Amino acid sequence: MTTRPLAGGRASSAPLMGSDAEPTIFELSAPSRSAWSLRRTGVPEYPLEELVPPEHRREKPVQLPDVSERDLVAHFTRLSQRQYAVDLGAYPLGSCTMKYNPKLCDVIAAMPELANVHPAAPPACTQGWIRLLVELETALCEITGMAAATLQPAAGAAGELTGLLLMRAWHESQSSERHRVIIPDSAHGTNPASVTLAGYAVTTVSSDSNGCVDIRSLREAIDDDVAGVMLTNPNTLGLFEEGILEIAAVAHEAGALLYYDGANLNAILGVTRPGDMGFDIVHLNLHKTFATPHGGGGPGAGPVAVSERLSPFLPGPRPVRLETGGFGWAMPERSIGRMHSWHGNALVLARALAYIIANGADGLRKVAEAAVLNANWLRERLRGLYDIPYDRPVMHELVVSAATLRKRYGTKAADVAKRLLEEGFHAPTVSFPLIVDEALMIEPTETESPQTVEALAEALERIAQEISEEGGADSARAAPRTTLVGRVDEALAARRLIPTWDIGQARDLESSTSSG
Ligand SMILES: *Cc1c(COP(=O)(O)O)cnc(C)c1O
């Protein structure tokens, strides 16, 4: 098959240099090579023994590859060209907010005045850093309508766990023993996992025909054993929970706390605030909404903001403005303790503040408006091509279904997603949310232009059209043919994980386990 000119996505699937297999950095290693050289300065060399006491020295040298700077740069540049990334084109992976991240934020985070500070440096030397954290916390509280926040949690799921531990601390302070947390079936998958980790049992409530929480089921499920209700808003169908005020009233009447999963805050930024809707706890994903490149398991930040009554329980030490005028650290009165070593993933926090200041209140509101407009544009364009369950205006993302395509031609949502890779776009999230058959969860994000959103719509249109034609379904099932790696056996990849850099050893292990 020939490659098309790729509008909106990657410029082309240019042939890759060299053979398919890029050696690992360890395989490139050759003794005596190194990527650095230091000029002799005349400063006397101290013997290692004098510099590092014996008990702190390694017994064996650390195993690091020896490569020249030239080999090092070539290796990682080659690898980078095999990747699809937000810097290359649209990445509509639903719920993940893989938007383009402004380079300005990276420039700020790379400032030596920020990057080279040791977290143990005394406050007298880190006034600027602490002030940055205090200002970020203030900004996040204003954005969410909450009273106080912790910046420690390292990701969304860590924020959820923090929120649930705060919930537990609150109920204990009220001498109330509760065992369950209610989660709608349209919540993000991390929610039930976090609830379990925090030692609570999950009670699921179903969605109604509108895709929102079925308030009658909620009323039936709630009693004085429920510690909290966790809402993902917009929910995983991309829909705004319409009954929020009523849900808040029902939860509070039962003495439960209301939790807002705000990982996808780009949907409501500057338009409405969880605090104004009656929420007690909210977590944000700074690496999604506030512009930190993420996706490789890289650093993130999942701050948690709370209402006044929960603030004495926040993790600490917290960055604070001192009455004397400077900045310092303080432990909240009844703190649940630390959720991260030091002060969280500080450079992600610096990027977030840079993003907030650079956008200003107006800019942040435009982020939400563009995110919502793009998702709804796409929804209109895809009607008739794919099924649209719960077809009503969405927020930052939309969920379509390939159920009819499957029924007629036997192709799955995953086949559509793999074909989309050939069109030069990253695939959307597939098979999630679970309440939609053959789901394709598409988040165009606010950073894509109308032309790119249109190109994405055209690609999805072309794919649906092609599948309906003679041989089209087989073609979709064979995709992707233009990427370096074709279809992988995803189940096997998850079940037989071989974490090693040594390809030879991996192959040996592979053959021994597959024969056994
Ligand atoms: C991404 C996401 C999470 C989890 O965030 P991580 O940073 O990946 O732990 C939780 N809830 C929602 C709605 C999300 O989109």
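Note that the coordinates shown come from a computational prediction; the quantities given were computed from them, not determined experimentally.

Domain boundaries in the protein define domain 1 (103-116 + 123-358) and domain 2 (363-490). Counting residues at the interface gives 29 residues for domain 1, matched by 22 residues for domain 2. In total, about 2,000 Å² of surface goes out of reach between domain 1 and domain 2, with carbon and sulfur atoms giving 62% of it. Of all residues in domain 1, the largest losses of buried area upon contact with domain 2 belong to Thr-236, Leu-237 and Asn-266, amounting jointly to 30% of the total for that side. Here domain 1 is connected to domain 2 by 1 salt bridge. Glu-242 is paired through a salt bridge with Arg-392; the nearest N and O atoms lie 3.0 Å apart. Applying the counting criterion to the domain 1 and domain 2 interface returns 6 residue pairs in polar contact (both at pLDDT 80 or more). In the side of domain 1 that touches domain 2, the residues fall into 13 nonpolar, 13 polar and 3 charged.

Helix H11 (residues 346-382) packs onto helix H5 (residues 127-144) with a crossing angle of 45° between their chain directions and a minimal axis gap of 10 Å. In terms of their interaxial angle, H5 and H11 are classed as oblique. The two elements H5 and H11 meet at a crossing, and its hand is left-handed. Two secondary-structure elements touch here, H5 through Trp-129, Leu-132, Leu-133, Glu-135, Leu-136, Ala-139, Leu-140 and Ile-143 and H11 through Ala-346, Leu-347, Leu-349, Ala-350, Ala-352, Leu-353, Ile-356 and Leu-364.

Turning our eyes to something else, we now look at the packing of aromatic side chains. Throughout the structure, instances matching the rule amount to 3 aromatic pairs. Relative to Tyr-91, the ring of Tyr-84 has its centre 5.8 Å away and its plane inclined at 50°; by these criteria the two rings are tilted. Taking relative accessible area as the criterion, Tyr-84 reaches 18% and is therefore assigned buried. The exposure class of Tyr-91 is buried, given its relative accessible area of 14%. Ring centres of Phe-290 and Tyr-355 lie 6.1 Å apart, and the angle between their planes is 90°; this geometry places the pair in the edge-to-face category. One end of the pair, Phe-290, is in the loop between helix H10 (286-289) and strand S7 (304-306); the other, Tyr-355, is in helix H11, and 65 residues separate them in sequence. Overall, the relative accessible area of 0% leaves Phe-290 in the buried class. Of the residues examined, Tyr-355 reaches a relative accessible area of 6% and is grouped as buried. Over the face of the ring belonging to Tyr-200 we find Arg-168, whose NZ or CZ atom lies 4.4 Å from the ring centre.

Residues in close proximity to the ligand total 14 residues, the closest being Gly-156, Ala-157, Asp-261, His-287 and Lys-288. In this structure, Gly-156 approaches the ligand through a main-chain N or O atom, which is 2.8 Å from an oxygen atom. In this structure, Asp-261 approaches the ligand through a side-chain N or O atom, which is 2.6 Å from a nitrogen atom. Here the ligand loses 85% of its free accessible area of 380 Å² to cover by the protein chains. Elements with a contribution of two residues or more to the shell around the ligand: helix H6 (156-173) and H10. The element best represented in the shell around the ligand is H6, accounting for 3 residues.

Here is what the cut-offs are and how they apply
Residues numbered from 1 in each chain as written. Predicted model: local features only at pLDDT ≥ 70, side-chain atom pairs only at ≥ 80, totals over all residues. Heavy atoms only, no water. Domains from an automatic or database assignment. Contact = heavy atoms within 4.5 Å. Buried area = accessible area lost by both parts, 1.4 Å probe. Salt bridge = Lys/Arg side-chain N within 4 Å of Asp/Glu carboxyl O. Polar contact = N/O pair within 3.5 Å; in protein donor to acceptor, adjacent residues only side chain to side chain. Nonpolar A, V, L, I, M, F, W, Y, C, P; charged D, E, K, R; others polar. Axes fitted to C-alpha atoms, helices over the stretch in contact; angles between N-to-C directions. Helix = DSSP H or I, 4+ residues; strand = E, 2+ residues; numbered from the N terminus. Parallel < 35°, antiparallel > 145°, perpendicular 65-115°, else oblique. Left-handed = near helix turned anticlockwise from the far one by under 90°. Phe/Tyr/Trp six-rings, centres within 6.5 Å; stacked < 30°, edge-to-face > 60°. Buried < 20%, exposed > 50% of the residue type's maximum accessible area, 1.4 Å probe, protein only. Lys NZ or Arg CZ within 6 Å of the ring centre and 35° of its normal. Near = heavy atom within 4 Å. Areas by Shrake-Rupley, 256 points an atom, 1.4 Å probe, with all protein chains shown as cover.

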